[in-house]
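Coordinate analysis (summary)
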Amino acid sequence: MAYERIDKYNESTTKSLSDLYKNVLEEVGEDTKREGLLKTPERVAKAMQFLTQGYHQDPSEILKSAMFAEDYSQMVIVKDIEVYSMCEHHMLPFFGKAHVAYIPNGHIVGLSKIPRIVDAFARRLQVQERLTNQIRDCIHENLKPVGVAVVMEASHLCMQMRGIEKQNSVTTTSAFSGEFLDSDKTRKEFLDLISTKLS
Ligand SMILES: [Zn+2]
């Protein structure tokens, strides 16, 4: 076998979360002894650990592990990064796309690291506004570029499933630093380059 992906979970966390989720199932009126639910508390316990793994990751370290001195000084854009997170108010998913750009100032970062820091911040309880700012700040502080831009568009299940009127609405947030804040022209260039994907 050339490659094997192994999910590892903390056993004592899995056990205590499983007990709690069993209580949740009983409290909402379920029969935790019926066949389909026998392993549900353990599955949910593992899913929760997966979805909150960002608490144990250090996005700054992820970025710093792949920074390279390079003369390139044009805008670098990574578009359509899939985002899956959970709102901290209802613990329901919100998901969509992030578009991230920076203008290097002597250093570039390995392109795969940008989606990885998005994930590291997204896999925690979040609000979309803070998630957007954290991605910008992490890149700005570690890479010290000329500027950073982040635009995120996401659908929130806490809005869509709970009967609020705007069922198909998409929430857009943005965060800019440096040149993207100071120069209308630079910000417009970025927004034009990603705009075909904005709804
Ligand atoms: Zn919510």
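Description of the structure in this document. Here, residues in each chain are numbered from 1, in the same order as that chain's written sequence. Where local features are concerned, this predicted model is filtered to residues with pLDDT of at least 70; where side-chain atom pairs are given and counted, the filter is 80 or more; whole-chain, interface and lining totals use all residues. Calculation of side-chain values draws on the structure's entire complement of heavy atoms; hydrogens and water are dropped beforehand.

What about helix 1 (residues 11–27)?
Elements are defined by DSSP. Helices are runs of H or I of four residues or more, strands are runs of E of two residues or more, and each kind is numbered from the N terminus. Any helix carries an expected span of 1.5 Å times its number of residues minus one. Over its 17 residues, helix 1 runs 24 Å from end to end, which matches the ideal 24 Å to within 8%, given 1.5 Å per residue. Buried means the residue's accessible area, taken with a 1.4 Å probe over protein chains only, is under 20% of the maximum for its type, while exposed means over 50%, and partly exposed covers the values in between. Residues T14, S18, Y21 and L25 constitute the buried set of helix 1. Along the axis of helix 1, the buried residues cluster in a sector spanning 75 degrees; they form a single face. Every exposed residue of helix 1 that faces more than 90 degrees away from the buried side is listed here: S12, K15, L20 and E27. At its buried positions, helix 1 is contacted by helix 2 (40–51). Two to three positions downstream of the cap, the backbone nitrogen of S12 sits 3.0 Å from a side-chain oxygen, assigning the N-cap of helix 1 to N10. The directions considered for the arc are those from the helix axis to the C-beta atoms. Should any heavy atoms of two residues lie within 4.5 Å, those residues are considered in contact. Here a polar contact is taken to be a pair of N or O atoms separated by no more than 3.5 Å, where protein atoms must pair a possible hydrogen donor with a possible acceptor and residues adjacent in sequence count only if both atoms sit in side chains.

Describing the nonpolar core
Residues V100, Y102, L131, I135 and I139 are the most contacted members of the largest nonpolar core, which totals 28 residues. If you list the elements that add at least two residues to this core, you get helix 3 (59–64), strand 2 (76–87), strand 3 (93–103), helix 4 (113–122), helix 5 (128–143) and strand 6 (147–156). Among the elements that line this core, the one with the most residues is helix 4, at six residues. With near-sequence residues (within four places) excluded, L131 lies in contact with V83, S85, F94, V118, F121, A122, Q126 and M152. Listed in part, the nine residues of the second largest apolar core include A101, V151, F176 and I194. To qualify as a nonpolar core, a set must consist of buried Ala, Val, Leu, Ile, Met, Phe, Trp, Tyr and Cys residues joined through side-chain atoms within 4.5 Å.

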